[in-house]
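Understanding the architecture of this molecule
Each chain, written out:
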Amino acid sequence: MGIAVKDKKIAAKERIKDLIVLQRELCSCFSEDEYNVFVFGSYPTVRFEYCKSDVDIAVYADNLDLYKGIAVKIEEFFGNRGINVDLFFIDISIPAPVFLAPLRAQIQFTDYYPEKLREFETECGKELNKIKRSIAV
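These remarks concern the structure in this document. (Residues numbered from 1 in each chain as written. Predicted model: local features only at pLDDT ≥ 70, side-chain atom pairs only at ≥ 80, totals over all residues. Heavy atoms only, no water.)

Quick notes on the side chain of Asp 18
Note on placement: Asp 18 falls in helix α1 (residues 5-29). Looking at Asp 18, the relative accessible area reads 18%, which means it is buried. In this view, Asp 18 contacts Tyr 43, Phe 77 and Arg 81; residues no more than four positions away in its chain are not counted. (Helix = DSSP H or I, 4+ residues; strand = E, 2+ residues; numbered from the N terminus. Buried < 20%, exposed > 50% of the residue type's maximum accessible area, 1.4 Å probe, protein only. Contact = heavy atoms within 4.5 Å.)

Here it is in structure tokens:
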């Protein structure tokens, strides 16, 4: 028999609390005005299933070295909990629809969302619209 909805909601709340622990850890190690971490997918929801699901995280940072430092902390954090993580760097040089999910995620670790990232999000949306138009023909 599956896990009751009430239990799934409690587990989701606990995972969100755990994300706050990670957020605090990252904020204590890295300046909040140079990066943002976006959590998307099933991890903070009732759809997450231990041993089946993973956590989806995208990181935007002003430089690759900063990303690498953040990535190591994130991988250690989830590795210590036995949770697989899909982690990727948001490369603003190549607009693609795949970046829209993290950029529009409800869970973001910092307020850092510079104008160049907003412009990138717009460009990603334009790419998605091009694809939709080509399919509709």
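Anyway, onward from the coordinates.
Describing the packing of α1 against helix α2 (residues 64-79)
Axis separation between α1 and α2 bottoms out at 11 Å; the angle between their running directions is 150 degrees. The interaxial crossing formed by α1 with α2 has right-handed handedness. Facing Asp 18, Leu 19, Val 21, Leu 22, Glu 25, Leu 26 and Cys 29 of α1, the residues of α2 in contact are Ile 70, Lys 73, Ile 74, Phe 77 and Phe 78. Considered class by class, the residues forming the contact of α1 with α2 number nine nonpolar, no polar and three charged. (Axes fitted to C-alpha atoms, helices over the stretch in contact; angles between N-to-C directions. Left-handed = near helix turned anticlockwise from the far one by under 90°. Nonpolar A, V, L, I, M, F, W, Y, C, P; charged D, E, K, R; others polar.)

Let's talk about the environment of Ser 31
Tracing the chain through its elements places Ser 31 in the loop between α1 and β1 (35-40). Expressed as a C-alpha distance, the spacing of Ser 31 and Gly 82, which sit 51 residues apart in the sequence, is 27 Å. Within the structure, Ser 31 has its side chain in polar contact with the side chain of Asp 33 (distance 2.2 Å). (Polar contact = N/O pair within 3.5 Å; in protein donor to acceptor, adjacent residues only side chain to side chain.)

A closer look at the pairing of β1
Most of β1 is tucked away, with six of its six residues classed as buried. With burial as the criterion, each face of β1 is covered, one bearing Tyr 35, Val 37 and Val 39 and the other bearing Asn 36, Phe 38 and Phe 40. Pairing of β1 with strand β4 (residues 107-108) involves two bridges; the strand directions are antiparallel. Bridge pairing in β4 places Val 39 opposite Ile 107. (Pairing = 2+ DSSP bridges.)

Considering helix α4 (residues 115-136)
Here α4 is 22 residues long and its end C-alpha atoms lie 32 Å apart, about the 32 Å a rise of 1.5 Å per residue gives. For α4, every residue scored as buried is listed here: Leu 117, Phe 120, Glu 121, Cys 124 and Gly 125. The arc that holds the buried residues of α4, viewed along the axis, is 145 degrees, so those residues lie on one side. Opposite its buried face, α4 presents the exposed residues Glu 115, Arg 133, Ser 134 and Ala 136, each directed more than 90 degrees away. (Expected span 1.5 Å × (residues − 1). Arc of directions from axis to C-beta.)

Description of the packing of aromatic side chains
By the definition in use, this model includes 11 aromatic pairs. Look at Phe 38 and Tyr 113: their rings are 6.0 Å apart centre to centre, the planes differ by 90 degrees, and that puts the pair in the edge-to-face class. Placement of Phe 38 in strand β1 and of Tyr 113 in the loop between β4 and α4 is noted, with a sequence separation of 75 residues between them. When its relative accessible area of 11% is taken as the criterion, Tyr 113 is described as buried. For the ring pair Tyr 60 and Tyr 112, a centre distance of 6.2 Å and an interplane angle of 20 degrees mean the geometry is stacked. Here Tyr 112 lies in the loop between β4 and α4 and Tyr 60 lies in strand β2 (residues 55-61), a separation of 52 residues in the sequence. The exposure classification of Tyr 60 matches that of Tyr 112, with both residues buried. Taken together, Tyr 43, Phe 48, Tyr 50, Phe 77 and Phe 78 form an aromatic cluster joined through their ring pairs. The residue whose ring lies beneath Arg 81 is Phe 77, and the NZ or CZ to ring-centre distance is 3.6 Å. (Phe/Tyr/Trp six-rings, centres within 6.5 Å; stacked < 30°, edge-to-face > 60°. Lys NZ or Arg CZ within 6 Å of the ring centre and 35° of its normal.)

That's the geometry; what it means functionally is another story.
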